[in-house]
Amino acid sequence: AVFLSALQKAADAYPKPQGVKFSYGTAGFRTLGERLPSVMFCCALLAVLRSKKLGGAAIGVMITASHNPEQDNGVKLVDPSGEMLDPTWESHATLLANCTSTESLITTFIDLAHHLRVELDACAPSSIIYARDTRPSGKKLVEAFEAGLSAFQGLKVVDLGVHTTPVLHYVVRATNARDGEQGKPTVEGYYERMAGAFKTLIGNRGPLPTLYVDCANGVGAPAISTLSSYLGTSLPLQAMNDSTTTPGALNSQCGADYVKTRQALPPSVEDAGLLDKPDTRSCSLDGDADRIIYYYLGEGGKFRLLDGDKIAGLVALFLMDLVKKAKLGQEGGEDTAEVGVVQTAYANGSSTKYLKGRGVPVTCVPTGVKHLHHAAQKYDIGVYFEANGHGTVLFSPSFLSTLAVHEPTSPDSSTATKQLLALSQLINQAVGDALSDMLLVEVVLAHRGWTAVEWDAAYEDLPNRLVKVEVADRFLFETTDAERKLTSPAGLQAVLDEAVGKVEMGRSFVRPSGTEDCVRVYAEAKTTAGVDTLATTVSDLVK
Ligand code: NG1
Ligand code: ZN
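Residue numbers run consecutively from 1 along every chain, following the written order of its sequence. Working convention: letters from A go to chains and numbers from 1 go to ligands, in the order in which they are written. Residues qualify for local features only when their pLDDT is at least 70, as the model is predicted, and side-chain atom pairs are given and counted only at 80 or more; totals for whole chains, interfaces and linings, by contrast, use all residues.

**Q** Can you break down the overall build of the protein chain residue by residue, with the values?
**A** Each helix and strand in the protein chain was counted, giving 19 helices and 19 strands. Its C-alpha atoms give the protein chain principal-axis dimensions of about 65 × 55 × 45 Å. Three exposure classes are used. Buried residues have 20 or more other C-beta atoms within 10 Å of their own C-beta, exposed residues have 12 or fewer, and partly exposed residues fall in between, all C-beta atoms being placed from the backbone. Across the 543 residues of the protein chain, 49% fall into the buried class. For the protein chain, the share of sequence-separated contacts (at least 6 apart) that also reach a separation of at least 24 residues comes to 71%. Note on conventions: DSSP H or I runs of at least 4 residues are helices, E runs of at least 2 residues are strands, and numbering of each starts at the N terminus. In this description, a residue-residue contact is defined by the distance between C-beta atoms placed from the backbone, which must lie within 7 Å.

What follows is the structure, encoded as structure tokens:
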């Protein structure tokens, strides 16, 4: 075939580094940026294959390592609906990335195409959309990716440039949608749709008080500035940590992950002294702007965290109220739609109790967006959030059609119906999106007439700890029951259970990270002393 000699020539320039085993994990490939050029080359091959397999539908490729340090980078594929790559293809990615010679890469690629029944020479063209974050290694990785693409002819390729992860997911989803029903498939379309829906929802409630946004010195900074110009005066945004070109600044001492794991203000935000009033809310994005964490300073200047669990609670109860008001039932009857929340085991025990106590169905699934997304699709309105601030809301197609044809019988139900429709446009239904989630939180607070203080009053988090433990081989740790129990190493779970039993309201679990070479220990308990004991005991047992 024509492309084979081109492929051979191009691949020779991107040999796999020796002694590295690549693995397509929960967020794609992720490691030091300098190790990734050969992986990028392979991802081009995989993206071509995936698009051909799906009849030429557009596939996304995002180059980012999210909240990880600046020297890291990563790459993941996005399926035509804007969701994560079909999990059954993860092993194909891993297979290609670990080929040790050009010959084996080509043979593996052709075998894979054969096995997947993809005709490489057939005319279905591949369509690929890609973007990267602000990482210094990103440019070179894009070159390696493009070298992989260059072996093929007749590809439809869109390079979006430097953008957030959610922008890439949105554009892929909109590109593949029928008749523009997911919005215009462009970066402008993304901002327009979101800002338009926000203004509709805020109505005459604005302008809202200034919101301080820690951009983690990443791609969220230019995104917040662009969003600001679309929002006009409805929501004044003040960016902090927006130095995208200062070496070493990305995710350093700032960002959503820093705030969530340290449970403290980024020093830069503290020094700026802007959060001096109890109703001054602030938020932090992560390095690719798909996570968001809110916080403020409460009584006595105490740091108060409003994490993904608090966002899920705020949003789910608001949606439940709107569904009730919309009276979507027969002849103006009440709610017929189920609003459910999906969490992982990292959700604070208090949040689960709070939701269940208010009649909200809660599902617990293993870590990883694909699990959360999938479970959320089972509800009419599925709210999913990881405690770390990654999440979104999914409206089922049947619920959206119900809304579209609904004939409200009162002004109240008409308003609620319009608001639900606007929310379905405000929310990025492809993936967790810090910007869209931020606007969502602002809408709910504005409608409730709440500051951060009233939002925070929903429940009190149980003291909790998240600890990274380095172990010789994290793959020895295997879990069950949505990662809440270990099945291997043999006998360890029984010992952990005993430790947990000794601590009042104790809960703890251990799982191998899907993105870093470590095992994570989570613990919570009634008191800080209790949780410290539990976290230390369990960490020691795992080592
Ligand atoms: P791992 O490294 O598998 O724990 C982390 C986060 C996930 C998810 C992924 C993807 C925690 C405890 N884990 O996964 O929730 O966001 O990264 O980025 O926050
Ligand atoms: Zn991220």
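Okay, back to it.
**Q** Give me the lowdown on the UniProt feature "domain: Alpha-D-phosphohexomutase alpha/beta/alpha" (unreviewed entry) in the protein chain, citing residues and values where you can.
**A** In the UniProt entry, the feature "domain: Alpha-D-phosphohexomutase alpha/beta/alpha" (unreviewed entry) is given for residues 56-88 and 125-180. Helix makes up 0% of residues 56-88 and strand 39%, whereas the separation of the span's terminal C-alpha atoms amounts to 19 Å. UniProt positions are given in the numbering used here, feature names are shortened, and annotations may be inferred rather than shown by experiment.

**Q** Any details on helix H13 (residues 369-376)? Residues and values, ideally.
**A** Restricting attention to buried positions, one finds in H13 the residues His371, Leu372, His373, Ala375 and Ala376. Taken together, the buried residues of H13 touch strand S11 (339-343), strand S12 (362-364), strand S13 (381-385) and strand S14 (391-395).

**Q** Break down the sheet that holds strand S8 (residues 282-285) for me, citing the residues and quoting the values.
**A** Strands belonging to one sheet form pairs held by backbone hydrogen bonds; the direction of such a pair is parallel or antiparallel. In this analysis, strands are considered paired if DSSP registers two or more bridges between them. With respect to topology, five strands assemble into an open sheet ordered S7-S6-S8-S9-S10, the strand pairing being mixed. Strand pairing shows two members of the sheet lacking a second neighbour, strand S7 (237-240) and strand S10 (303-306), which therefore form its edges. Neighbour-to-neighbour, the strand axes of the sheet open up by a mean angle of 30°, direction not taken into account. Where S8 and strand S9 (residues 292-297) come together, four bridges link them in antiparallel fashion. As a rule, the C-alpha atoms of each element are fitted with a line to give its axis, helices using only the stretch in contact, and angles between N-to-C directions run from 0 to 180 degrees.

**Q** Lay out the sheet that holds S14 in plain terms, naming residues and giving numbers.
**A** Spatially, the four strands line up as an open sheet ordered S12-S11-S13-S14, and their pairing is mixed. Each having just a single partner strand, S12 and S14 make up the two edges of the open sheet. Across the sheet, the mean angle from the axis of one strand to that of its neighbour is 20°, orientation sign disregarded. Sheet analysis places S11 next to S13, joined by four bridges and oriented parallel. By the bridge assignment, Val341 is partnered in S13 with Val383.

**Q** Break down helix H5 (residues 138-150) for me, citing the residues and quoting the values.
**A** The span one expects for a helix is its residue count, reduced by one, times 1.5 Å. The first and last C-alpha atoms of H5 sit 18 Å apart over 13 residues, in line with the 18 Å expected at 1.5 Å per residue. Listed as buried for H5 are Leu141, Ala144, Phe145, Gly148 and Leu149. Along H5, the residues classed as buried sweep out an arc of 145° about the axis, all on the same side. What the arc describes is the spread of directions from the helix axis to the C-beta atoms.

**Q** Give a detailed account of the packing of helix H3 (residues 90-97) against helix H4 (residues 102-115), specifying residues and quantitative values.
**A** Where H3 meets H4, the axes come as close as 9 Å, and the angle between the chain directions of the two elements is 160°. Viewed along their axes, H3 and H4 adopt a mutual orientation that is roughly antiparallel. Here His92, Leu95 and Leu96 of H3 lie close against H4, whose contacting residues are Leu105, Thr108, Phe109 and Leu112. Of the residues assigned to the contact of H3 with H4, the class counts are five nonpolar, two polar and no charged. Roughly parallel refers to an angle under 35 degrees, roughly antiparallel to one over 145, roughly perpendicular to one between 65 and 115, and oblique to any angle outside these ranges. Throughout this entry, Asp, Glu, Lys and Arg are counted as charged residues, while Ala, Val, Leu, Ile, Met, Phe, Trp, Tyr, Cys and Pro are counted as nonpolar. The remaining residues, Gly among them, count as polar.

**Q** Which residues make up the UniProt feature "domain: Alpha-D-phosphohexomutase C-terminal" (unreviewed entry) in the protein chain, and what are the values?
**A** In the numbering adopted here, UniProt assigns the feature "domain: Alpha-D-phosphohexomutase C-terminal" (unreviewed entry) to residues 466-538. Annotated as residues 466-538, this span is 29% helix and 32% strand, and its ends, taken at the C-alpha atoms, are 11 Å apart.

**Q** I'd love a proper account of the environment of Gly389, names of residues and values included.
**A** Among the structural elements, Gly389 can be located in the loop between S13 and S14. Taking the C-alpha atoms as reference points, Gly389 and Gln153, 236 residues apart in sequence, are found 41 Å from one another. Setting aside its immediate chain neighbours within four residues, Gly389 contacts Ala256, Lys260, Arg291, Ile292, Ile293, Asp307 and Gly308.

**Q** Give me the lowdown on the site of ligand 1, citing residues and values where you can.
**A** Lining the immediate surroundings of ligand 1 are 13 residues, of which Ala27, Asn388, Ser513, Gly514 and Thr515 lie closest. Looking at side-chain class alone, the shell around ligand 1 contains two nonpolar, eight polar and three charged residues. What makes a residue near a molecule or strand is its C-beta atom, placed from the backbone, lying within 6 Å of it.

**Q** If you had to explain the pairing of strand S6 (residues 211-214) to someone new, which residues and values would you point to?
**A** Of the two faces of S6, the one carrying Leu211 and Val213 and the one carrying Tyr212 and Asp214 are both buried. Judged from the four bridges that link them, S6 and S7 form a sheet pairing that is parallel. Residue pairing in the sheet places Val213 in a bridge with Ala239 of S7. When the strands point away from the viewer and the connection leading from the first strand across the helix to the second strand turns clockwise, the crossover is called right-handed. Since S6 and S7 lie parallel, the crossover through helix H8 (residues 220-231) that links them has a hand, and here it is right-handed. Taken together, the three bridges between S6 and S8 define a ladder with parallel strand orientation.

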